[in-house]
Amino acid sequence: MLAFAAMLVQGLNAGWIGPFLPSIARTLDTSIDRSGLIMSALATGYLAALIAGGEVVSRGTPRQMLAGAMGLVAAGLTGVAFAPRLLWLLIAATAIGVGQGAIDIATNALVADLNRDSLGSALNYLHMMFGVGALLGPVIAGFAIAASISYSATFALFAIAMAALAVALVLMPGHHASEAVGEPIGGIALLGQPLIWMLAAILFFYVGAETGIGAWLYSYLRGTSTLAAAVAAWAVSLYWSGLVAGRFLGGYFAHRTSPRAMSIAGAALSAAALVVLTVMPNRIIADALMIALIGIGYGPIFPNMIAIGAKAFPAEVGRMTSVVAAGGAIGAMLLPWTMGLVLSAQSAVASMEFALLLTVLMIALIAILNAFIHSRLRVTQACLSRG
């Protein structure tokens, strides 16, 4: 439950920074674009943590790493809350990003460690909490802004809550894994596994498409329909709500199907919804339904890829998560930016067609992954039958 709470914190930090940016810019007497550098600082810290975090967690326990990560996020939020200048704000934001990357690694390793017999279900529910937090973050920011509560007070209050979570993790009695997982193979040997790079490539396209649609869907709706600004903004929330619903459904159906089959079906659903959205724009009810379906289809893909990696490398979940999630982080850095270029240079419809292309490439890679795993299983069975 503490790991789930930590993932909820991830979503909150992803969801409420944007609405507070104008207030941050006014407080620091800087432009909105310069205050927006906080997003770059968060991403830089996050990627740095993914690069180093796998080795860190291999030398300790996921619980220790998670406690330290929550403490770092609490310190970073305090720094953002009371930073007197932009430079200090960016340093604090980088610390938050490092903490968030460490949370990603540690929560996946901890939940996998405790749920070896239900990896797909447990990891889908874990990542569902990120979506819940991402939905709650703007709501909390909206209430704070409406009540004239400063971002400093909001962040400071939640920093205290996150510090309390860190203390609870330290005081929590040691946990026991569901089963023996064998000896770690080491970081270099792990990087030599083709499966790792396939999972990283899938998440490169997945996170890039998911983030890009979330970033540019509002602009697409404003450019292709007569929706008012507020209505278009609400429509974007359907996408994130669909993502949460997709991860809930992924957890529910995890015992009934394989992560690979569920991921192909989900990506195909998202691709079909993107086709309808781009072929028949400016149909309000149809657009709303397609936006929700895109999110539902995408929902289980990220946790399912982590589940596949955790099953293949049960003693290396921390290292595996750091490598695979780094692929997603690079996708988030490059592909939404490219999607924005397509929107500016061509059209709003072309930007969603680019997202469709990313989704089709993702389906192809999951199919290759499926064939690779089946081939490896056949080789293993043949060796066992001879032995």
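Residues numbered from 1 in each chain as written. Predicted model: local features only at pLDDT ≥ 70, side-chain atom pairs only at ≥ 80, totals over all residues. Heavy atoms only, no water.

K.L.:
Before we go on, may I ask you to explain the nonpolar core in this structure?
P.N.:
Nonpolar side chains in soluble globular proteins tend to be buried together. Core analysis: the biggest nonpolar cluster contains 116 residues, and Met 70, Ile 213, Leu 217 and Tyr 298 have the highest contact counts within it. Considering each element in turn, this core owes the most residues, 14 residues, to helix α9 (residues 194-224). If we skip the residues at most four places from it in the chain, Ile 213 touches Tyr 239, Leu 274, Ile 294, Tyr 298, Met 339, Met 352 and Ala 355. (Core = buried A, V, L, I, M, F, W, Y, C linked by side-chain atoms within 4.5 Å. Buried < 20%, exposed > 50% of the residue type's maximum accessible area, 1.4 Å probe, protein only. Helix = DSSP H or I, 4+ residues; strand = E, 2+ residues; numbered from the N terminus. Contact = heavy atoms within 4.5 Å.)

K.L.:
Any chance you could explain the side chain of Thr 107 here in plain terms?
P.N.:
Relative to the helices and strands, Thr 107 is located in helix α5 (residues 86-114). Thr 107 sits in the buried class, given a relative accessible area of 0%. Of note is the side chain of Thr 107, whose polar atom sits 2.6 Å from the backbone oxygen of Ile 103. Once you skip the residues sitting within four places of it in the chain, Thr 107 turns out to touch Ala 3, Ala 6, Met 7, Leu 66 and Leu 126. (Polar contact = N/O pair within 3.5 Å; in protein donor to acceptor, adjacent residues only side chain to side chain.)

K.L.:
How should I be thinking about the pattern of salt bridges in this particular structure?
P.N.:
Two side chains bearing opposite charge may form a pair once their charged atoms approach each other closely. If you walk through the whole model with that rule in mind, you get one salt bridge. Two residues, Arg 247 and Glu 210, come together in a salt bridge whose shortest N-O distance is 3.7 Å. Taken as a pair, Arg 247 in helix α10 (residues 229-253) and Glu 210 in helix α9 lie far apart in primary sequence, 37 residues in all. Under the relative-accessibility criterion, Glu 210 is labelled buried at 9%. (Salt bridge = Lys/Arg side-chain N within 4 Å of Asp/Glu carboxyl O.)

K.L.:
Explain the environment of Val 236 here, please?
P.N.:
Locating Val 236 in the fold gives a position in helix α10. Of the residues examined, Val 236 reaches a relative accessible area of 11% and is grouped as buried. Along the primary structure Val 236 and Ala 215 are separated by 21 residues, whereas in three dimensions their C-alpha atoms are 9.0 Å apart. Ignoring sequence-local partners within four residues, the contact set of Val 236 consists of Gly 214, Leu 217 and Tyr 218.

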